[in-house]
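Each chain, letter by letter, is given below.
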Amino acid sequence: MRQVFLRIAILLVGLPVLAQEYDHIDSKVKNYPDFSSIEQLSIRIQNDFDSDANRVRAAFVWLTHNIRYKYELDAVFAVAPEMLYYSEFGKRYQIERHQRKLIKKAFSKREGICNEYSLMFDYLCNDFSIPSKVILGLTKTDIMDVSGKRLVKNHSWNAVQIDGEWELLDATWGAGYFDNRLNKFVKRFSEHYYLTPPELFIKHHFPAKDSWQLLETPVGLHQFFSAPVYFPDYFEGHIKVMPNTVGLVKLTESNSSTFEFSAVADKQSIYYALADEGKLRKMRIRKKNQGFVSKIKFRKRLKKTTYLTIYAENKAVLNFKVKPNLNQ
């Protein structure tokens with residue numbers, strides 16, 4: 001377990017360095033002309049960059065900066081059009097034909113859902129002769145999903161092989177997020193979803209096939225849904241919760257709950273807010289043994305389940321479901 005923490009710590013410290021290494025790729029790709037086809041984009045990337053790693057980065061940056069997410073409820077795995085085939089070859093041909101239509105349409109309109117993002121990335125990697133896979137699975141974005149029983153695949157992302165090693169990335173989430181309150185897509189590039197270490201990726205993406213967790217010991221579905229919701233800013237390293245932290249907070253008879261952290265950055269302002277109140281309150285964090293703890297005593301008795309958000313440096317980093325103590 002200590003090796004996992006060390007790897008995460010090294011990653012967080014090294015993020016600014018990695019961003020600097022990508023600067024020359026990103027700046028060139030952001031200044032590309034307006035291509036009329038994905039084939040033209042592929043040719044340009046191959047002409048500009050001569051390594052698999054650089055081409056993968058270029059494809060990810062172009063997609064996240066040029067394709068707008070088009071929100072369509074339950075459209076990710078909508079029923080495909082009827083296909084007539086008489087062999088496995090015929091079936092594969094029909095599927096690939098349908099996927100090419102999706103890619104062409106999304107590229108032309110510069111918009112799509114996760115399915116189109118992952119298909120376009122996969123197309124580019126195949127054109128570069130780089131092994132790539134479209135991964136189907138579940139994501140957890142709403143705290144009401146904690147301890148839930150959703151089993152329907154609702155997202156797709158990619159695995160790509162660079163220098164013999166499989167890596168994970170999500171161009172859809174890397175491009176921004178859908179704000180339910182504003183009912184619109186907010187463009188915001190996120191470095192976190194590019195070549196994310198598997199032990200971090202599993203905190204928000206659960207593949208249909210365990211092997212694509214890329215972990216020595218796969219995480220179970222119950223464990224995945226029992227954890228809190230981790231927002232992108234959590235991975236900037238302001239705070240780190242203890243392993244196996246659950247997302248369902250059960251209040252004690254004294255109407256309080258204790259939160260434990262393995263790390264808290266120096267001089268960080270940590271706050272929390274209940275959904276019903278919408279008011280930020282400072283968390284008093286103290287050192288305890290090898291970690292940190294904060295005991296929150298709620299000012300009023302909860303009558304129904306709600307959720308609690310933790311903020312670090314004015315950024316939402318964690319979300320918990322709070323269940324009232326009905327025995328009070």
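1. Examining the nonpolar core
- Val56, Trp62 and Phe121 are the most contacted members of the largest nonpolar core, which has 38 residues in total.
- When residues of this core are traced back to their parent elements, those giving at least two are α1 (2–30), α2 (38–48), α3 (52–66), α4 (88–109), α5 (114–127), β4 (155–162) and α6 (171–175).
- Sort the elements by how many residues they give to this core and α3 lands first, with 7 residues.
- With 27 residues, the next largest nonpolar core counts Leu200, Tyr234, Ile310 and Val322 among its residues.

2. Side note on the sheet that holds strand β8 (residues 205–207)
- Pairing is antiparallel in the open sheet, where 4 strands are placed in the order β5-β4-β3-β8. The outermost strands of the open sheet, each flanked by one partner alone, are β5 (165–169) and β8. Strand-to-strand twist across the sheet, computed as the mean angle between neighbouring axes with direction ignored, equals 45°.
- Bridge analysis of strand β3 (residues 132–139) against β8 gives 3 bridges, and the strand direction is antiparallel. Its bridge partner lying in β8, Gly137 is registered against Pro207.
- Where α5 meets the sheet, its contacts fall on β3, β4 and β5, and the angle it forms with β4 comes to roughly 20°.

3. Some details on the pattern of salt bridges
- Within the structure shown, the criterion is met by 7 salt bridges.
- Notably, a salt bridge pairs Asp233 with Arg188, separated by 2.8 Å at the nearest N-O pair. A residue pair is termed long-range when its members are at least 10 positions apart, and Asp233 in the loop between β9 (229–230) and β10 (239–241) and Arg188 in the loop between β7 (184–187) and α7 (198–201) qualify at 45 residues.
- Arg188 sits in the partly exposed class, given a relative accessible area of 38%.
- Measuring nitrogen to oxygen at the nearest pair gives 3.5 Å for the salt bridge that ties Lys315 to Glu236. Taken together, the residues span a long stretch of sequence, with Lys315 in strand β18 (residues 315–323) and Glu236 in the loop between β9 and β10 at a distance of 79 residues.
- The partly exposed category is assigned to Glu236, whose relative accessible area is 41%.

4. Some points on the pairing of strand β13 (residues 270–274)
- Within β13, 4 of the 5 residues are buried, which leaves it mostly tucked inside the rest of the structure.
- In this structure, β13 lies alongside strand β17 (residues 306–312), joined through 5 bridges in antiparallel fashion. Its bridge partner lying in β17, Ile270 is registered against Ala312.
- Relative to strand β14 (residues 281–282), β13 runs antiparallel, the two being bridged by 2 bridges. Bridging from a neighbouring strand, Tyr271 pairs with Lys282 of β14.

5. Thoughts on empty space enclosed by the protein
- With the rule as written, the count across this model stands at 2 cavities of 30 Å³ or more.
- Approximately 40 Å³ is the volume found for the largest cavity.
- Taken together, Tyr272, Leu274, Glu277, Arg281, Lys297, Phe298, Arg299, Lys300 and Leu302 make up the lining of the largest cavity.
- By residue class, the composition of the lining of the largest cavity is 4 nonpolar, no polar and 5 charged.

6. Comments concerning the packing of aromatic side chains
- One pass over the full model with this rule turns up 16 aromatic pairs.
- An angle of 85° between the planes, with centres 5.5 Å apart, marks the rings of Tyr32 and Phe35 as edge-to-face.
- Note on Phe35: relative accessible area 9%, which makes it buried.
- Look at Trp166 and Trp212: their rings are 5.0 Å apart centre to centre, the planes differ by 80°, and that puts the pair in the edge-to-face class. Here Trp166 is found in strand β5, whereas its partner Trp212 is found in the loop between β8 and α8 (221–226), with 46 residues between them in sequence.
- The lysine or arginine in question, Lys140, covers the ring of Phe224, its NZ or CZ lying 5.2 Å from the ring centre.
- Residue placement shows Lys240 over the ring face of Tyr234; its charged tip is 4.2 Å from the ring centre.

Parameters and conventions
Residues numbered from 1 in each chain as written. Predicted model: local features only at pLDDT ≥ 70, side-chain atom pairs only at ≥ 80, totals over all residues. Heavy atoms only, no water. Core = buried A, V, L, I, M, F, W, Y, C linked by side-chain atoms within 4.5 Å. Buried < 20%, exposed > 50% of the residue type's maximum accessible area, 1.4 Å probe, protein only. Helix = DSSP H or I, 4+ residues; strand = E, 2+ residues; numbered from the N terminus. Pairing = 2+ DSSP bridges. Axes fitted to C-alpha atoms, helices over the stretch in contact; angles between N-to-C directions. Contact = heavy atoms within 4.5 Å. Salt bridge = Lys/Arg side-chain N within 4 Å of Asp/Glu carboxyl O. 1 Å grid on protein atoms, 1.4 Å probe; cavity = no way out; pocket = protein on both sides within 12 Å on 5 of 7 lines; lining within 4 Å. Points joined across faces, edges and corners; volume = space filled by probe spheres on them. Nonpolar A, V, L, I, M, F, W, Y, C, P; charged D, E, K, R; others polar. Phe/Tyr/Trp six-rings, centres within 6.5 Å; stacked < 30°, edge-to-face > 60°. Lys NZ or Arg CZ within 6 Å of the ring centre and 35° of its normal.

It is worth stressing that arrangement in space is one thing and function is another; only the former is reported here.
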